[in-house]
2 protein chains.
Amino acid sequence: MAKWTIKDIAKKAGVSITTVSRVLNQKEEGMSEETREKVIRVIKEAQYQPNQFARGLVTKQSKLLGLIVPTIANPFFPELCRGAEDEANKRNYSLVICNSDDKSEKEERYLRVLKEQQVDGIILLSKDRLSPSSEELIKEGKIPCTLLDRGIEGNKYPAVFLDNETGGYLAGKHLIDLGHRRISCITGPLSIRNSFERVIGFRRALEETGLDHQDLLQIEGDFTIESGYELAKNLLMKNDITAIFACNDLMALGVYQAAHELNIKIPGELSVIGFDDIPIVSSLIPKLTTIRQDTYEMGRKAVQLLINQIETGKTESVQFSPSLITRESTAARKIEE
Amino acid sequence: MAKWTIKDIAKKAGVSITTVSRVLNQKEEGMSEETREKVIRVIKEAQYQPNQFARGLVTKQSKLLGLIVPTIANPFFPELCRGAEDEANKRNYSLVICNSDDKSEKEERYLRVLKEQQVDGIILLSKDRLSPSSEELIKEGKIPCTLLDRGIEGNKYPAVFLDNETGGYLAGKHLIDLGHRRISCITGPLSIRNSFERVIGFRRALEETGLDHQDLLQIEGDFTIESGYELAKNLLMKNDITAIFACNDLMALGVYQAAHELNIKIPGELSVIGFDDIPIVSSLIPKLTTIRQDTYEMGRKAVQLLINQIETGKTESVQFSPSLITRESTAARKIEE
DNA sequence: TTGTAAGCGTTATCAA
DNA sequence: TTGATAACGCTTACAA
């Protein structure tokens, strides 16, 4: 038989389609053990699989979840995807992963497509501020949506965020504790709240020690290796600093490169601290000290909240705490300075 | 209105649902410009979106494609996903990405789920040999399927592969040309044909120069940073070699670490060449010489072949060629040796 | 314990 | 140029 339908199964088992449907949906009541077994046998034999289209048309559920990420190219996101996927599968959902390239048009397009695919919910790693049409799409479409990692609308929608301010503070405190005073910070795009908060926290640490803003050389990067490299090179050629806080690991990688080219030793002459703790940085030379966020868990949690929302209607937000991972790229300021 | 259906649109526009459907599906013929415009206006106003369930039930198409990857954790795969996604979107499909962890059970589970979700086709990065039940699932389900990157069943199914043998050869030739003779090769799991072929090609290059197998220290790794590190450390402590071919970039990263700990300079005392050209290796210190495969394009191509197969029934396979990217981690053997 | 039949929102066939 | 209507494969009241 080309494609078995519930009807074929019913006929072959000598029961009605209702009975087959009951078996399929694990409805325990109202059926003799005998009938159930017979049906199950036929289903197995035929390798029958229910058609989601027909099912969804009635139940209005696709068991599909959408995940929109800004760039899968940043090693930060694969981890997050894995966490999200694992949790989704555990709960019997599948994940449609979309890559918005951080562009509003693509994001909106995906939102539309996902809605059309009848996904049961969406996890959105968006720009800080949802574009009006994105927001409308979510609201009007009444699709449960969880914000992840980014976005200032966390109070309007359930969300999973990292406490970036504390992360920045941890980084600053660490450098200060090591005795550094001439410090530079290569930030992410300041239009993104995440980056901005990291800087705020970082500054708070410096201010606690009595350093004022003048002491902090702050320049704005864009979270890419290249920007880290370019900015650090420029910075190191013109200034005499002993430590750099790169607001993500990718930019820290760029700092490594710049320092190497200028023949500046890390951590001997320059301490470097990153942010994220993406998988490869523990294998760099020297191993990168960084602020860790548990991306895998954040992905998992986001899916958990989303499915809870879908199934029970309850919404909830969660904030994760970053932690300092001390490795080899930071060291105490040399005394002879 | 809670949720607009084609019926609501029809009523509001004062036409039949057939007409609305025609507009929706861009059927040009048989409609006055006036009617079309009226319908379009109503659709826009209502922000109406067709329901894929109902649509799929009739057309048997989901516009969904499945992509099963072994580990999204290897930076090799995100690139591939991006390529696949971009092409899919261009052709109006969405991509469901699944992570099999290289486990047959997970792969089979996903195959089943994807089939149940009625995906129109599947791109599979599988183990070399499809497990019997995976194969049955594909064959019996009659789902178009394209193999990517791995698998020896390339002649049975349409596939996109890299010419790994040539890649290995290129690596070997490069080291030989630089004057190296005491060379080691850290392979991937030899049960995977990809790894095996890289070694074969590599050896061919050595043999051409008259080196026999004795000269090649070959050890088997598992494509992780850790295995590269452990094996290289062991190797470098016990042997006097001047070059290492790591069969993927991640293991090359491990080699860097080991060499660093043993205070062996790259490329001064040891040349290292990798395989893949994952994004970050051009930012390592020193920048890694490697064999590049165009992962993004391979992902794109796989989707292209798959959609062609879905839409026209034509199957086709493609082989990609690797290329040598010379950077800083390889150098001529020192004369004084 | 089991079955009948309505209905989900589309597309497609055929008729007007 | 348009419109009724059957059909797609399933779930679910309701009936038996």
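One can find the structure itself at the top, above this paragraph.
Rules and cut-offs
Residues numbered from 1 in each chain as written. Chains lettered and ligands numbered in written order. Predicted model: local features only at pLDDT ≥ 70, side-chain atom pairs only at ≥ 80, totals over all residues. Heavy atoms only, no water. Near = heavy atom within 4 Å. Polar contact = N/O pair within 3.5 Å; in protein donor to acceptor, adjacent residues only side chain to side chain. Helix = DSSP H or I, 4+ residues; strand = E, 2+ residues; numbered from the N terminus. Nonpolar A, V, L, I, M, F, W, Y, C, P; charged D, E, K, R; others polar. Least-squares fit on C-alpha atoms with pLDDT ≥ 70 in both. Contact = heavy atoms within 4.5 Å.

Chemist: Teacher, can you tell me more about the protein's contact with DNA strand D here?
Modeler: Near DNA strand D you find 28 residues, and of these A:Ile6, A:Tyr48, B:Thr18, B:Arg22 and B:Thr35 are the closest. The share of sugar and phosphate among atoms of DNA strand D within 4 Å of the protein is 64%. In this structure, A:Ile6 approaches DNA strand D through a main-chain N or O atom, which is 2.3 Å from a phosphate oxygen. Within the side chain of B:Thr35, one N or O atom sits 2.6 Å away from a phosphate oxygen of DNA strand D. When contributions to the surface near DNA strand D are tallied by element, the ones reaching two or more residues are helix 2 (17-24) and helix 4 (52-59) of chain A together with helix 2 (17-24) and helix 4 (52-59) of chain B.

Chemist: What am I meant to see in the protein's contact with DNA strand C here?
Modeler: In the vicinity of DNA strand C, 28 residues are found, and the nearest of them are A:Thr18, A:Thr35, B:Ile6, B:Ser21 and B:Tyr48. A:Ser16 has a polar backbone atom sitting 2.8 Å from a phosphate oxygen of DNA strand C. B:Ile6 has a polar backbone atom sitting 2.6 Å from a phosphate oxygen of DNA strand C. Broken down by secondary-structure element, the contributors of at least two residues to the surface near DNA strand C are helix 2 and helix 4 of chain A together with helix 2 and helix 4 of chain B. Ranked by the residues each element gives to the surface near DNA strand C, the list is headed by helix 4 of chain B, at five residues. Partitioned by chemical class, the residues of the surface near DNA strand C number eleven nonpolar, 13 polar and four charged.

Chemist: So what exactly am I meant to see when it comes to the relation of the copies chain B and chain A here?
Modeler: The operation relating the two chain copies consists of a rotation about an axis and a shift along that axis. Once chain B has been moved 0.1 Å along the axis and rotated by 180°, it coincides with chain A to within an RMSD of 0.1 Å. One copy is carried onto the other by what is essentially a two-fold rotation axis. When you check the interface residues of chain B against chain A, 100% turn up at the interface there too, and the contact is symmetric in its surfaces.

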